[in-house]
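# Descriptive analysis of the structure
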Amino acid sequence: MSWLDLAVLAVYFAGITLFGAFFYGRSKTAEGFTAAGGRLSGLVVGVSIFGTYLSSITFLALPGKAYTKDWGALAFSLSLPVAAYIAVKWFVPLYRKLDDVSAYAYLERRFGLWARLYAATCYLLTQQARMGTILFLVALALESLTGWDIIPVIILTGVSVMAYAALGGIEAVIWTDVAQSVILTLGALVSAGALLLKMPEGPGQLFSITADSGKFSMGSFEPSFYSATFWTVLIYGLFINLQNFGIDQSYIQRYKTASSLDAARRSVWIGALTYIPVSALFLFIGAGLFAFYSASPELLPPELAAQGMGDKVYPHFIVTQLPPGMVGLVIAALMAAAMSTIATSLNSSATVLLTDMRERLSAKPMTDREKVAFLRVSTLLLGLLGTGIALLMISIKTALDAWWNLAGIFSGGMLGLFLLGALSRRTGSVQALAGVAVGVVVIAWATFAREPGAWFSNPLDSLMTVVIGTLAIFITGGILSRGQKRMEKLETVFDLNVDR
């Protein structure tokens, strides 16, 4: 890398860390640390939600998908307006009305303490798995981009995020999300512009090659759920986005930071509608990479031209085709995508540890000062754990993949449980627990029963796992609730007959 690129990266790391630490004075109370005093505008919170959606996985995976296949992944983004409408109509008013900053206090009100602890534990597991994975992937990408050793990259990134998340609280996380979202989008625009300008026969060649190759296709519109068709991805996106808006602490906590109900509603629309064109931009980069290297195949090393190497083509383009300074900017954008997601996970996980674990399970009350200290220490410890997981993934990635699958099995029940509580007033604690048990079994079967031709094998595409798991919980709880209601009616009738 040139000295200019290194300077850009150094300025980014120092600037984002100092900027986040600037909010230390506003996080000296528990409410300030977890909810920013409820004083942020809908625009700021909305851009932060957009930043939460993006990660280093998005930054690398979407171009990789478009390079190797087509624009089918856009169906996920197209589900966002429907999920946003449901969130604005029901989820946001519900959580704004509740006093708790925790997303899972509502589940305790509906079904008891077990439901709250189940959801909180699942959230903490998935966030640790997510933090470790994102840290590992961004360090892996930087290793191939810069030649730097992966271990110091993981440590430097983890420490930087821990520092400003622990010092500045949720307000630091949100404002750094805003700055990082701008950097990320700018980096993507620079890449797209470079692709258009570097085509041997001009920008028109890019569109002709991609159109002839079907790169702008949205995938198969066949009404089938046995493969990743347009409808499969769309329905998967709807369920995942409902889970994000409806039960994910990272999003619910942001509703609390907004200055009013209208501002919170506006933030959901801003975050959702901003993500659609930006995700399309990353898919355009992937299609453009295919056109560029089709027109100039000699510029792509043979090992990257092999099948399944699509995720590594974009990093190769960055370091070989962008001018000095721009390379540093795009790498900073990649770092921004990762750091935004990790900071969000750290703050929301520390909030869950305080509200759903420490305060709920301990009879000893805490002063506000003790709460803030607990939140800061928890943020640091969670950051160290996430960094440790990323380091472990270097050598035992298979074991951590299994952990990710297990975390996915248990977290898959969270949306179904929430929908039971919100939509089925008849459902009690016992019926909800039975529904979750059935759902976890269904999700485990759908995840692991993949042996082709076996009678017990799951024939559906893997994207449908969260869909069938959620439906299993909701339907089981609903059926048991109706059965309970009928039994109560029969008992009433029987008692009346006995009285006669």
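Quantities reported herein were computed from a predicted structural model and do not represent experimental measurements.

### Observations regarding the packing of aromatic side chains
- Per the counting criterion, the structure on display carries 22 aromatic pairs.
- Plain terms: the ring middles of Tyr-95 and Phe-418 are 6.1 Å apart, the flat faces sit at 15 degrees to each other, and that makes the pair stacked. Of this pair, Tyr-95 sits in helix α6 (residues 80-97) while Phe-418 sits in helix α18 (residues 413-423), and the two are 323 residues apart along the sequence.
- Note on Phe-418: relative accessible area 0%, which makes it buried.
- Between Phe-245 and Tyr-251, the aromatic rings sit 5.8 Å apart at their centres with planes inclined by 80 degrees, giving edge-to-face as the arrangement. Each of the two residues, Phe-245 as well as Tyr-251, counts as buried.
- Following the ring pairs from residue to residue traces out a cluster consisting of Tyr-53, Phe-245, Tyr-251 and Tyr-275.
- The ring of Phe-290 carries the charged tip of Lys-215 above its face, separated from the ring centre by 4.3 Å.

### Observations concerning α18
- The buried count for α18 comes to nine of 11 residues, which makes it a mostly enclosed element.
- For α18, every residue scored as buried is listed here: Gly-413, Met-414, Leu-415, Gly-416, Leu-417, Phe-418, Leu-419, Leu-420 and Gly-421.

### Quick notes on the side chain of Thr-176
- Relative to the helices and strands, Thr-176 is located in helix α9 (residues 150-198).
- The exposure class of Thr-176 is buried, given its relative accessible area of 0%.
- With residues up to four places along the chain from it excluded, the contact list for Thr-176 reads Ile-16, Phe-19, Gly-20 and Tyr-164.

### Focus: the pattern of salt bridges
- Summed over all chains, the structure comprises eight salt bridges.
- Of the charged contacts, one joins Arg-116 and Asp-356 as a salt bridge, the two residues approaching to 2.6 Å between their closest N and O atoms. Taken as a pair, Arg-116 in helix α8 (residues 113-146) and Asp-356 in helix α16 (residues 326-361) lie far apart in primary sequence, 240 residues in all.
- The salt bridge partner of Glu-359 is Lys-371, with a shortest N-O separation of 3.1 Å. Here the residue Glu-359 occupies a position in helix α16, and Lys-371 occupies one in helix α17 (residues 368-411), the gap between them amounting to 12 residues.

### Quick look at the environment of Lys-28
- Within the secondary structure, Lys-28 is located in the loop between α1 (3-21) and α2 (30-35).
- Linking Lys-28 and Thr-210, residues 182 residues apart in sequence, is a C-alpha distance of 53 Å.
- With residues near it in sequence (within four places) discarded, Lys-28 still touches Asp-368, Val-372 and Arg-376.

### What about α1?
- Here α1 spans 27 Å end to end across 19 residues, near enough to the 27 Å set by a 1.5 Å rise per residue.
- Among the residues of α1, Asp-5, Leu-9, Tyr-12, Phe-13, Ile-16, Thr-17 and Gly-20 are the ones counted as buried. For α1, the arc enclosing every buried residue in end-on projection is 105 degrees, short of the 170-degree limit, so these residues lie on one face. Seen from the open side of α1, the exposed residues pointing more than 90 degrees away from its buried face are Trp-3, Val-11 and Leu-18.

### Structural notes on the nonpolar core
- Residues Phe-59, Tyr-104 and Phe-245 are the most contacted members of the largest nonpolar core, which totals 150 residues.
- The dominant element in this core, judged by the number of residues it contributes, is α16, at 19 residues.
- With near-sequence residues (within four places) excluded, Tyr-104 lies in contact with Arg-116, Ala-119, Ala-120, Tyr-123, Ile-247, Asp-248, Gln-249, Val-352, Asp-356 and Met-414.

### Structural notes on empty space enclosed by the protein
- Per the stated rule, a full pass over the model turns up one cavity of 30 Å³ or more.
- Computed from the structure, the largest cavity encloses a volume of approximately 40 Å³.
- In this structure, the largest cavity is lined by Met-131, Leu-135, Gly-158, Val-161, Met-162, Ile-342, Leu-346, Leu-382, Gly-383, Gly-386 and Thr-387.
- Where the lining of the largest cavity is concerned, the elements lending two or more residues are α8, α9, α16 and α17.
- Per element, the largest residue contribution to the lining of the largest cavity is four residues, and it comes from α17.
- Each residue belonging to the lining of the largest cavity can be placed in one class, and the counts come to seven nonpolar, four polar and no charged.

### Let's talk about the confidence of the model for the protein chain
- Across the protein chain, pLDDT averages 87, with 92% of residues at or above 70.
- The secondary-structure element of the protein chain with the lowest mean pLDDT is helix α20 (residues 465-499), recorded at 72, while helix α13 (residues 261-295) shows the highest, at 95.

### Side note on the side chain of Glu-171
- Structurally, the position occupied by Glu-171 is in helix α9.
- Side-chain polar atoms of Glu-171 contact the side chain of Arg-39, separated by 2.7 Å.
- Sequence-distant contacts of Glu-171, that is, excluding residues within four places in its chain, are made with Phe-23, Arg-26, Ala-36, Arg-39 and Leu-40.

### Brief notes about the packing of α8 against α16
- For the pair α8 and α16, the least separation of the axes is 9 Å and the interaxial angle reads 160 degrees. In terms of orientation, α8 and α16 fall into the roughly antiparallel class. In terms of crossing hand, the pair formed by α8 and α16 is left-handed.

### As for the environment of Tyr-53
- The topology assignment puts Tyr-53 in helix α3 (residues 42-53).
- Taking relative accessible area as the criterion, Tyr-53 reaches 8% and is therefore assigned buried.
- Residues contacting Tyr-53, with those up to four places away along its chain left out, are Thr-58, Leu-80, Asn-241, Asn-244, Phe-245, Tyr-251 and Tyr-275.

### Section: the environment of Ile-252
- Among the structural elements, Ile-252 can be located in helix α12 (residues 249-257).
- For the pair Ile-252 and Tyr-123, spaced 129 residues apart in the sequence, the C-alpha separation amounts to 13 Å.

### Focus: the packing of α1 against α16
- Taken N-terminus to C-terminus, the directions of α1 and α16 make an angle of 30 degrees; their axes are 7 Å apart at the nearest point. When the axes of α1 and α16 are compared, the pair comes out roughly parallel. Considering the relative orientation of α1 and α16, their crossing is right-handed. Where α1 approaches α16, its residues Asp-5, Val-8, Leu-9, Tyr-12, Phe-13 and Ile-16 are matched on the opposing element by Met-326, Val-327, Gly-328, Leu-329, Ile-331, Ala-332, Met-335, Ala-336 and Met-339.
- Here the residues of the contact of α1 with α16 sort into 13 nonpolar, one polar and one charged.

### Notes on unusual backbone geometry
- Positive phi, normally seen in glycine, also occurs at Ala-36, with a value near 55 degrees.
- Within the fold, Ala-36 resides in the loop between α2 and α3.
- When its relative accessible area of 0% is taken as the criterion, Ala-36 is described as buried.

What counts, and where the lines are drawn
Residues numbered from 1 in each chain as written. Predicted model: local features only at pLDDT ≥ 70, side-chain atom pairs only at ≥ 80, totals over all residues. Heavy atoms only, no water. Phe/Tyr/Trp six-rings, centres within 6.5 Å; stacked < 30°, edge-to-face > 60°. Helix = DSSP H or I, 4+ residues; strand = E, 2+ residues; numbered from the N terminus. Buried < 20%, exposed > 50% of the residue type's maximum accessible area, 1.4 Å probe, protein only. Lys NZ or Arg CZ within 6 Å of the ring centre and 35° of its normal. Contact = heavy atoms within 4.5 Å. Salt bridge = Lys/Arg side-chain N within 4 Å of Asp/Glu carboxyl O. Expected span 1.5 Å × (residues − 1). Arc of directions from axis to C-beta. Core = buried A, V, L, I, M, F, W, Y, C linked by side-chain atoms within 4.5 Å. 1 Å grid on protein atoms, 1.4 Å probe; cavity = no way out; pocket = protein on both sides within 12 Å on 5 of 7 lines; lining within 4 Å. Points joined across faces, edges and corners; volume = space filled by probe spheres on them. Nonpolar A, V, L, I, M, F, W, Y, C, P; charged D, E, K, R; others polar. pLDDT = per-residue confidence, 0-100. Polar contact = N/O pair within 3.5 Å; in protein donor to acceptor, adjacent residues only side chain to side chain. Axes fitted to C-alpha atoms, helices over the stretch in contact; angles between N-to-C directions. Parallel < 35°, antiparallel > 145°, perpendicular 65-115°, else oblique. Left-handed = near helix turned anticlockwise from the far one by under 90°.

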